[in-house]
Amino acid sequence: MPQLTPPEMNQAGNNVPTRNVPSHSVPSHSVPSHSLPTRNVPSHNVIAIDGPAGSGKSTVARAVAAKLGMPYLDTGAMYRAVAFTAMRRGVDPDDAEVVARLAADMQLEVDERVLVDGVDATIEIRSPEVTRAVSVVAINPAVRKELVRRQREWADAKGSGVIEGRDIGTVVFPDAPVKVFMTASDEERAQRRTQEMLDMHYDEVAADIARRDHIDSTRPYAPLAVAPDAVLVDTTSSTVEEVVELVLQLATKAGLA
Ligand code: DC
């Protein structure tokens, strides 16, 4: 079964052992959101799923959305789409001003496919090049502000959704009724990603994950962090089905299922 921290154990109604996640991999603090736009969308129907790369959140979020018949949004794909567009246009991802303008101007549709300015970039946004460039794009406060605005607009239009990312429960939808923070051991996460990335070796993937974890967790704006009221789930030794079941229980308790 998934491993939960104590208050959440009761909340989920599960009798599973307690295990704390190492603090170096998951900083637990509230996020200063003063420089991000204030919420203007009711988030009562949002299931927020956050966590680092390889924690299993995409698989779980997709499955939960399918079971509940709710729309699903992968916000990581949005940051990847901005990085992809910068690279395609020959813009240096470090050039904060130009990248911010590009994020504001680009047409972006994230669904089963990812369409950037009408072009299908579903495959390209997962390339090692985009994966290397995306963290620096995600540091950019103006890019974050624009993508947060689009994420809230998406939820507003859909009325409900399972939304996954790094800051969904802390910044984008701080009053979401279900917040899950998924994690797994560094080795397990690297192992999972190596299986997905056929052209990369374990050591390379592990180093890339460690680098992105560090950048994502230490950036000043909306870092990867556990919301104080999130249910922390360690998926190292769990099956997808177990974690999905747990999230469905939380959704039922919150009246979303
Ligand atoms: O989930 P992913 O690996 O596809 O995300 C790609 C990058 O985007 C990741 O390095 C962190 C960033 N990201 C973010 O900063 N905030 C989000 N809500 C989602 C992703």
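Here, every reference points to the structure presented above.
In this numbering scheme, every chain counts its residues from 1 along its sequence in written order. Two thresholds apply to this predicted model, a pLDDT of at least 70 for residue-level local features and 80 or more for giving and counting side-chain atom pairs, whereas whole-chain, interface and lining totals are computed over all residues. Remark: hydrogens and water are excluded; side-chain values derive from all non-hydrogen atoms of the structure.

Colleague: An account of unusual backbone geometry is needed here, citing residue identities and associated values.
Modeller: The backbone of aspartate 117 sits at a positive phi, close to 50°, despite the residue not being glycine. Under the DSSP-based scheme used, a helix requires at least four consecutive residues in state H or I and a strand at least two consecutive residues in state E, with every element numbered from the N terminus. Position of aspartate 117 among the secondary structure elements: in the loop between β5 (114-116) and β6 (119-120). Even without a glycine there, the phi angle at alanine 222 is positive, about 45°. With respect to the helices and strands, the residue alanine 222 is situated in the loop between α9 (202-218) and β9 (231-234). Classification of alanine 222 as buried rests on a relative accessible area of 0%. For every residue, the accessible area obtained with a 1.4 Å probe (protein chains only) is divided by the maximum for its type, and the residue is called buried under 20%, exposed over 50%, and partly exposed between those limits.

Colleague: I'd like to hear about a negative patch on the surface, residue by residue, with values.
Modeller: Residues Asp92, Asp94, Asp95 and Glu97 make up a contiguous surface patch of negative charge. With respect to the element layout, glutamate 97 can be found in helix α4 (residues 96-105). Patch criteria: residues need more than 30% relative accessible area and no salt bridge. Like-charged residues are merged within 9 Å; nonpolar side chains of Val, Leu, Ile, Met, Phe, Trp and Tyr are merged within 5 Å. Where accessible areas are quoted, they stem from the Shrake-Rupley method and a 1.4 Å probe; at the residue level, only the protein chains shown are allowed to cover. Salt bridge criterion: a side-chain nitrogen from Lys or Arg within 4 Å of a carboxyl oxygen from Asp or Glu. Positive charges are assigned to Lys and Arg, negative charges to Asp and Glu, while His and the chain termini are left out of the count. By convention, the point assigned to a charge is CZ for Arg, NZ for Lys, CD for Glu and CG for Asp.

Colleague: Describe in detail the pairing of β9, supporting the description with residues and values.
Modeller: Burial of β9 is two-sided: the residues Val231 and Val233 facing one way and the residues Leu232 and Asp234 facing the other way are all buried. Here four bridges tie strand β8 (residues 178-183) to β9, and the two strands are oriented parallel to one another. For methionine 182, the partnering residue across the bridge sits in β9 and is valine 233. In this scheme, strands are said to pair when DSSP sees at least two bridges between them.

Colleague: Break down the site of the ligand for me, with residues and values.
Modeller: Inspection of the region around the ligand gives 16 residues, with Arg80, Arg144, Arg166, Asp167 and Arg219 positioned closest. Polar contacts, as used here, are pairs of N or O atoms within 3.5 Å; protein pairs need one atom able to donate a hydrogen and one able to accept it. Residues neighboring in sequence count only if both atoms are side-chain atoms. A distance of 2.8 Å separates an oxygen atom of the ligand from a polar side-chain atom of arginine 144. At a separation of 2.8 Å, a nitrogen atom of the ligand approaches a polar side-chain atom of aspartate 167. Computed on the free molecule, the ligand has an accessible area of 450 Å², of which 98% lies beneath the protein chains in the complex. Of all elements in the fold, only α3 (75-88), α5 (128-139) and α9 reach the threshold of two or more residues within the shell around the ligand. Examining the composition of the shell around the ligand, we find that four residues originate from one element, α3, more than from any other. Its residues placed into classes, the shell around the ligand shows three nonpolar, four polar and nine charged. Whether a residue is near a molecule or strand depends on its heavy atoms: it is near if one of them lies within 4 Å of it. Residues are grouped as follows: Ala, Val, Leu, Ile, Met, Phe, Trp, Tyr, Cys and Pro are nonpolar; Asp, Glu, Lys and Arg are charged; all remaining types, including Gly, are polar.

Colleague: Outline the packing of α5 against α9, supporting the account with residue identities and numerical values.
Modeller: All axes here are fitted lines through C-alpha atoms, helices being fitted over the stretch that makes contact, and every angle between N-to-C directions spans 0 to 180 degrees. α9 packs onto α5 with a crossing angle of 5° between their chain directions and a minimal axis gap of 10 Å. Between α5 and α9, the angle falls in the class roughly parallel. Between α5, through Thr131, Arg132, Val134, Ser135 and Ile139, and α9, the contact on the second element is made entirely by Asp208, Arg211, Arg212, Ile215 and Asp216. Of the residues in the contact of α5 with α9, the class split is three nonpolar, two polar and five charged. Throughout, the term roughly parallel applies to angles under 35 degrees, roughly antiparallel to angles over 145, roughly perpendicular to angles from 65 to 115, and oblique to all others. For this analysis, residues touch if any pair of their heavy atoms sits within 4.5 Å.

Colleague: Can you lay out helix α8 (residues 186-196) for me, pointing to particular residues and giving the numbers?
Modeller: Within the sequence span of α8, burial applies to Arg189, Ala190, Arg192, Arg193 and Thr194. Residues of α8 that are buried make contact with α3 and α9.

Colleague: Hey, could you go over the pattern of salt bridges for me, with residue numbers and the actual values?
Modeller: Where charged atoms from two side chains of opposite charge come close, those side chains can pair. All chains considered together, the criterion is met by 17 salt bridges. Across the pair arginine 144 and aspartate 167 runs a salt bridge whose closest N-O atoms are separated by 2.9 Å. Residue arginine 144 is found in helix α6 (residues 141-158), and its partner aspartate 167 is found in the loop between β7 (161-165) and α7 (168-172); the two are separated by 23 residues along the sequence. Residue class for aspartate 167 comes out buried when judged on its relative accessible area of 1%. Where salt bridges share partners, they join Glu146, Arg149, Arg150 and Glu153 into one cluster.

Colleague: Could you give an account of the environment of glutamate 97, with specific residues and numbers?
Modeller: Residue class for glutamate 97 comes out exposed when judged on its relative accessible area of 62%. When the C-alpha positions of glutamate 97 and asparagine 140 are compared, they lie 8.9 Å apart, and in sequence the two are 43 residues distant.

Colleague: Tell me what's going on with the sheet that holds strand β4 (residues 108-110), and back it up with residues and numbers.
Modeller: One open sheet holds the three strands; their spatial order is β4-β5-β6, and the pairing between them is antiparallel. Two strands in the sheet have a free side with no partner beyond their single neighbour: β4 and β6. As defined by bridge partners, β5 adjoins β6 across two bridges and the pair is classed as antiparallel. Along β6, the bridge assignment pairs leucine 115 with aspartate 120. Its contacts with the sheet put α3 on β4, β5 and β6, and the angle it makes with β5 is roughly 40°.

Colleague: Describe the packing of α8 against α9, naming the residues involved and giving the relevant values.
Modeller: Relative orientation of the contacting elements α8 and α9 amounts to 120°, with a least axis distance of 9 Å. Considering the angle they form, α8 stands oblique to α9. Between α8 and α9 the crossing geometry is right-handed. Counted together, Glu187, Arg189, Ala190, Gln191, Arg193 and Thr194 of α8 and Tyr202, Val205, Ala206, Ile209, Arg212 and Asp213 of α9 form the full contact between these two elements. Of the residues belonging to the contact of α8 with α9, the class tally is five nonpolar, two polar and five charged. A crossing counts as left-handed when the near helix is turned anticlockwise from the far one by less than a right angle, and as right-handed when that turn is clockwise.

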